[in-house]
Amino acid sequence: TTPGAMAYQQKLAEKLTVLNERGRGVLIRMKHIKTVCSDPQLKPSFLTEKAMEPAVKYINKKFPNIDLRGNIQNLSGVQKQKSEILVALTSYYYSFIDVMEFRVRQLRSWHFYLLKFVGTVNFDFTKSYLDLIVTYTSVIMMLSRIDDRKVLTAMYNCAHEMSNGNSDPSYPRLGQMILEYDHPWKKLTEEFGPHTKSVTGAVLSLHMVYPRRNLGAEQWRSAQLLSLLSVPADMLSPACCETMPCEYLPMEVMERWIILGFLLCHSSLNTNQASQDLWKMALRSGLYITLIRDETINIHKVTEDYFDTLKGYSKRIADIKECREHVIVNCGAIHKEKRQFLRNAIKELCKILEDEPGLLGPKALYVCMALAFSRDEVLWLVRHSENVPKTKTPEDYIDSQLAELLFYTEKLKTLMCRHSRVLQRYHLQYLAQFDALALNDTIQNMNVCPEEESVLMTSFVSTLSALTVKQVENGEEFDFRALRLDWLRLQAYTSMAKAPLCLKDYPDLAKIMNMTEFHTKMMDDIDGVLRETSDLSILCFYPRVFEKMFSQGCEDVLMQRYLIAFPLVCSHFNQCTHQMCPEEMDAIEKRSLRFCVTFLEEIAKQTCSIVLEICAEQCNLDDQLLPKHCAHTISTARNKKQKKQVPKKGEVQREKPGTESMRKDRAVVTNMDKLHLTLTELCSSLNYCNHFTVWDHVIIPPEYLLSQLEINLAKVIVRMANYNKATHEITRPSDLLAGIKAYTSSLYTLSRYLSVDVTRLVKSVLLQQTQPLDSQGDQTITTLYTSWYLEGLLRQASSALIIHCPTMHCFVNQPNENETRFKAEEYSDVSGENLLLPFTISWSNNEQTLHTECRKLVIDNMDVLVQIRSNFDKPEAMTNLQSRLPASENVLKRMTIIGVILSFRAMIQAALGDVLAVHLFTGSFMCAVCSSAPCDIVKIEGLTTSVVRISHFHCNFLSLTGHHNNIHCLATAINQLSAAMFTAQNKNIEQHLKEFLFVASSTLLQLGQNVERTDSKNRDSIYLLLHMIVEESPFLSQDMLEKCFPYALLRNAYRDVYKSSIITLG
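Residues numbered from 1 in each chain as written. Predicted model: local features only at pLDDT ≥ 70, side-chain atom pairs only at ≥ 80, totals over all residues. Heavy atoms only, no water.

This brings us to the overall build of the protein. Of regular secondary structure, the protein possesses 48 helices and 8 strands. Here the protein holds 1066 residues, and the buried ones make up 53% of them. Of the contacts formed within the protein by residues at least 6 apart in sequence, a portion of 79% connects residues at least 24 apart. For the protein, the accessible area works out to roughly 49600 Å², and carbon and sulfur atoms hold 52% of it. (Helix = DSSP H or I, 4+ residues; strand = E, 2+ residues; numbered from the N terminus. Buried < 20%, exposed > 50% of the residue type's maximum accessible area, 1.4 Å probe, protein only. Contact = heavy atoms within 4.5 Å. Areas by Shrake-Rupley, 256 points an atom, 1.4 Å probe, with all protein chains shown as cover.)

Residue Pro64 follows Phe63 across a cis peptide bond; omega there is 5 degrees. Among the structural elements, Pro64 can be located in the loop between α3 (53-62) and α4 (76-80). For Asp696, which is not glycine, the phi dihedral falls at a positive 70 degrees. With respect to the secondary-structure elements, Asp696 resides in the loop between β3 (692-694) and β4 (697-699). The exposure class assigned to Asp696 is exposed, which follows from its relative accessible area of 76%.

The next subject is a negative patch on the surface. A contiguous patch of negative charge on the surface is contributed by Glu613, Glu617, Glu655 and Glu660. Looking at the element boundaries, Glu655 is found in the loop between α29 (631-638) and α30 (671-686). (Patch = residues over 30% accessible without salt bridge, like charges linked within 9 Å, V, L, I, M, F, W, Y side chains within 5 Å. Salt bridge = Lys/Arg side-chain N within 4 Å of Asp/Glu carboxyl O. Lys, Arg positive; Asp, Glu negative; His and termini not counted. Charge placed at Lys NZ, Arg CZ, Asp CG, Glu CD.)

Applying the stated criterion across every chain yields a total of 0 disulfides. Left unpaired, Cys240 is separated from the closest cysteine sulfur, that of Cys241, by 7.1 Å. Given the relative accessible area of 41%, Cys240 is considered partly exposed. (Disulfide = S-S within 2.5 Å.)

We now examine the packing of helix α28 (residues 585-624) against helix α32 (residues 733-748). α32 packs onto α28 with a crossing angle of 130 degrees between their chain directions and a minimal axis gap of 8 Å. On the basis of their axis angle, the class for α28 and α32 is oblique. Seen along the crossing, α28 lies across α32 with a hand that is right-handed. The segment α28 lies against α32, with Val611, Leu612, Cys615, Ala616, Gln618, Cys619 and Asp622 engaging Gly739, Ala742, Tyr743, Ser746 and Leu747. The class makeup of the residues in the contact of α28 with α32 is 8 nonpolar, 3 polar and 1 charged. (Axes fitted to C-alpha atoms, helices over the stretch in contact; angles between N-to-C directions. Parallel < 35°, antiparallel > 145°, perpendicular 65-115°, else oblique. Left-handed = near helix turned anticlockwise from the far one by under 90°. Nonpolar A, V, L, I, M, F, W, Y, C, P; charged D, E, K, R; others polar.)

Moving on, we get to the packing of helix α5 (residues 82-105) against helix α7 (residues 149-164). Running from N to C, α5 and α7 cross one another at 130 degrees; their axes reach a closest spacing of 8 Å. In terms of orientation, α5 lies oblique with respect to α7. Between α5 and α7 lies a crossing whose hand is left-handed. Facing α5, whose interface residues are Lys82, Ile85, Leu86, Leu89, Thr90, Tyr92, Tyr93, Tyr94 and Phe96, α7 presents Arg149, Leu152, Thr153, Met155, Tyr156, Ala159, His160, Met162 and Ser163. Looking at the contact of α5 with α7 residue by residue, the class counts come to 12 nonpolar, 4 polar and 2 charged.

Here we take up the pattern of salt bridges. Inspection of the entire model under this criterion finds 42 salt bridges. In this structure, the salt-bridge partner of Asp98 is Arg22, at a minimum N-O distance of 3.2 Å. Residue Asp98 is found in helix α5, and its partner Arg22 is found in helix α2 (residues 12-38); the two are separated by 76 residues along the sequence. For Glu990, the salt bridge identified is with Lys994, shortest N-O distance 3.8 Å. Of this pair, Glu990 and Lys994 both sit in helix α44 (residues 989-1008), 4 residues apart, roughly one helical turn. In this structure Glu990 comes out as partly exposed when scored by relative accessible area, which is 35%. A single salt-bridge network, built from bridges that share partners, covers Lys31, Lys34, Arg145, Asp294 and Glu295.

Regular strands place side chains that alternate from one sheet face to the opposite one. Among the 5 residues that make up strand β1 (residues 288-292), 5 are buried, leaving the element largely enclosed by the rest of the structure. Inspection of the sheet shows β1 paired to strand β2 (residues 295-298) by 4 bridges, in the antiparallel sense. Residue Tyr288 lies in a different strand from β2, and its bridge partner there is Asn298. Turn length for the β1-β2 hairpin, with the two strands adjacent in sequence and antiparallel, is 2 residues, and the turn residue Arg293 shows positive phi of about 55 degrees. (Pairing = 2+ DSSP bridges.)

Locating Val56 in the fold gives a position in helix α3. Exposure remark for Val56: the relative accessible area of 16% places this residue in the buried category. Placed 94 residues apart in sequence, Val56 and Lys150 show a C-alpha to C-alpha distance of 9.3 Å. Leaving out residues up to four positions away in the same chain, Val56 has contacts with Phe46, Val151 and Met155.

Inspection of the secondary structure assignment puts Ser285 in the loop between α15 (273-283) and β1. Non-local contacts of Ser285, meaning those with residues more than four positions away in its chain, are made with Tyr210, Glu255, Val327, Cys331, His335 and Trp380.

For the rest of this paragraph, the subject is the nonpolar core. Most often, soluble globular proteins keep nonpolar side chains buried together rather than apart. Residues Leu793 and Phe811 are the most contacted members of the largest nonpolar core, which totals 143 residues. The element contributing the most residues to this core is α28, with 15 residues. Contacts of Phe811, omitting those with residues within four sequence positions, involve Leu793, Leu794, Ala797, Ile802, Ile803, His804, Ala824, Glu825, Ser828, Val900, Phe904 and Met907. Grouped together as the second largest cluster of nonpolar side chains are 107 residues, Val36, Cys37, Ile66 and Leu249 included. (Core = buried A, V, L, I, M, F, W, Y, C linked by side-chain atoms within 4.5 Å.)

Looking at the secondary structure, you find Cys805 in strand β5 (residues 802-805). Judged by relative accessible area, Cys805 falls into the buried class, the value being 1%. Counting along the chain gives 164 residues from Cys805 to Cys969, while the straight-line C-alpha distance between them is 9.8 Å.

Below, the discussion takes up the packing of aromatic side chains. Scanning the entire structure with this criterion turns up 35 aromatic pairs. Linked through ring pairs, Phe546, Phe550, Phe566, Phe573, Phe595 and Phe599 together constitute an aromatic cluster. Above the plane of the ring of Tyr366 lies Lys363, whose end atom (NZ or CZ) is 5.3 Å from the centre. Stacked on the ring of Phe595, the Lys or Arg Arg594 has its end atom at 4.9 Å from the ring centre. (Phe/Tyr/Trp six-rings, centres within 6.5 Å; stacked < 30°, edge-to-face > 60°. Lys NZ or Arg CZ within 6 Å of the ring centre and 35° of its normal.)

Along the chain, the position of Thr516 falls in helix α24 (residues 507-524). Setting aside chain neighbours within four positions, we find Thr516 in contact with Leu431, Asp435 and Leu464.

Quick look at helix α6 (residues 123-144) now. The terminal C-alpha atoms of α6, which comprises 22 residues, lie 31 Å apart, in line with the 32 Å expected from a rise of 1.5 Å per residue. For α6, the tally of buried residues reaches 21 of 22 residues, placing the bulk of the element in the interior. (Expected span 1.5 Å × (residues − 1).)

Taking 1.5 Å of rise per residue, 15 residues should cover 21 Å, and helix α43 (residues 970-984) covers 21 Å from first to last C-alpha, within 8% of that figure. Burial analysis of α43 places 12 of its 15 residues in the buried class, the great majority of the element. Listing the buried residues of α43 in full gives Leu970, Ala971, Thr972, Ala973, Ile974, Asn975, Leu977, Ser978, Ala979, Ala980, Met981 and Phe982. Directly after α43, the chain includes Asn986, whose backbone phi takes a positive value near 55 degrees.

Looking now at the environment of Gly193. By secondary structure assignment, the location of Gly193 is in the loop between α9 (184-191) and α10 (196-204). Taking relative accessible area as the criterion, Gly193 reaches 37% and is therefore assigned partly exposed. As a C-alpha pair, Gly193 and His266 span 73 residues in sequence and 9.6 Å in three-dimensional space.

So, on to the confidence of the model for the protein. Averaged over the protein, the pLDDT score is 84; the fraction of residues at 70 or greater is 88%. Scored below 50 in pLDDT, residues 837-845 shows 29 contacts in the model against residues more than four places distant or in partner chains. This stretch, residues 920-960, has a pLDDT under 50; its non-local contacts, to residues over four places away or in other chains, come to 101 contacts. (pLDDT = per-residue confidence, 0-100.)

Right, dumping it as structure tokens:
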């Protein structure tokens, strides 16, 4: 078979593609098993149970030859739980089988082929080959790092043999493989012995690429790397080169190829100077390289330890030590300078492309390079931050400005995705009008072109020539994966030794096809290119480093506008999973969301703190303008023309409101300036994007700020109430209302910085304050003011220390020898009641209790009350029956308290009506408040007669502002309770109130016939109380009253009360 035919038959391109994908899945499974077995809470319980200790020790000692019959006592625990062991360890066992099969299928069969690798020519083929070598090495290294690999394998086999009577067929080979890799490097170098020439050639093909990529910041700066403005005339020229795929190849990938390649095939290090130079350059790049995720190897230590076991490598060991010292002394500063350069370069690139997105077409390669370079520096810092070497400059491994680099990296990605149609339109024309023509000319000039290769290249030209701009305009989906796979096949066919067509002899063909491949990716796989150039999913596995980077950014005010980059990076974490390891996806998803939510909450907390601090400062300024502070200003104005008094020593001159805004020098920065600057930076971060996706979860950053504001604003409002339960002190409702208005006005300025619905926020917070507890389970001002009004104002009103004044629509203090703690009128004025609307519902519960007690008294005296109702027109019988009512004073007191509470609620309802009239809110809230009247059922006969009887015995003096014992509130209590109870009993309210009016009138007229002064001294006040009941009732009228009670008595009562009030006031 000819070499060309062998290449066609063996399908090397397909093998490389499949094996690389399979190897990555196996590697992730090994990492998952190591992670599980390293965690005592996750590892299989059989490995930690006391009863299984003999079996574990025996297996580790005798592995892989386990004698079940001769040592059954040691394996009794396995015998008892064999079914559970089989179920639990199946996935582990077959994962090790996957490693064995991957080992068999990989490079062992490749020593039959002599391959030529030139990274700048057959790039994809060389990359796939080297990736496979590194993946295989990493799989074996991960296998050797699983401490429980022997126990997991042998214990499963023991359980299998106990259950089925025979050992698993794969166990002997698997056990032997695990034993061989106890010392992995020795075995690996033996395996790669036949491949030394291929591996060394492939690695050495990087000698043109790696040194050029591994430059310092000074060389980048002098070359004006990534700058679109360095040569303005070339701004529209397409960015291209002979090695386009190599320009954004990850540095760590190349370093893995070099370090591991020369570690596996090290013979050329002593014979080839080019190999030495490339190897030493890689050793000087850092201390660690990554195997998978957070699994790293210390390249100097591993290489030195292995070379110590070989003869003739003393000079290489000296080189290793020299390189290690160079890294420790210089690498931190070198990479710090690189990050500083990239921050400025990428920022400039973003600004230009954001302003002129059309440049994304010709400069797409620059974008990929910028993303790749930034990703390389971030990953280097992450690897080395976790294991900072002992150095004199540890600050080189700390970067408080990393947030800026991450932010502009994310911004470049966003620009690429947002303007994907621009990229497609440009590169489609490039492919159809340049690449296809150049490729066709190159094919025509080829001297030798076998049939298979000719078919492939002809298909390239025909596919590219058929492209039209209308396909982009029509939104057609492109798929060039087949073309790229054919190009990989062509590389495989032309890389065989003695192949009829050697790709190395036609560099122009390789250049055009590598460029074409990049252009096709810009058409159909922009997301894939972005993943390849900017994937930072490794941060998911370095939580301490990731959180530390975020906290460092939070501490730097200039970095706060870039903090949103950290939550955005969490959207990368789904890229690190693999279908071969679905078990870990839930854990990684939860970790990703936890990081994202934690970062956003921290940003929101900082923003919320600044917002509320600004609001508090503004509230203090508004407080200075309240009327209560104007006395000093008025006094100063009145005495302005008088001789200026010398201020007393130590007396502080009070500044006028507004003085804080006057400044002679704008360079003077006030605290408010600093707060607004910080707020601008933080809001810029939260406002960067409306939403983004993390594992199919849509994240809306501004909502986290609203959530924090909702929680903290509620706490601020409660703190502003200043409620002291011990001393029963609380802020005046009007002052609290002024404070809330000041906070609300300041909050509305937040919409200048951020797209948030402040109205929704304020409504949510204030509506929660209408409930006893808010959404966090904390007390609200409803609870505090309810407690204060019940325990403070209304309790004193029930003791007649405070009276309800209908004329002034508030409560006032009674003259008292003891000093009162507060002025009742300041806590019950109508403007303050606008704030207290929600509290009425809570107070209704207290009415219910008092009403129930009254009901109990009526039921206890039901027989007497029924007789009173039947004999109300018989004075002698009434006198005897009245003396049999022992609890009349108690009923009166409780009914008065109910009246006081209902009067207070009526004041609040009136204020509510005013508010609703202004804001046009109707219906639901009014109904909620008004429906809070008690509806317990009480016999109407008993209540009516009892109230009239009590009024006969207990009346106080009435002034024009109200009774001094609040007895005038009895009218409100009678009207509202009777209406509620008649409604509950389905009775005719008007009919029964007429009956009440007849009974009350008859009793009062009998009272007028009593000549004894002690019984009738408050008779006029009682007449007026009856008149108040009729006036306030919607069911009674003056005409009804005149039918049973002469109006002349009311007129005379008003005159007498007025005269007595003048005497009293005088």
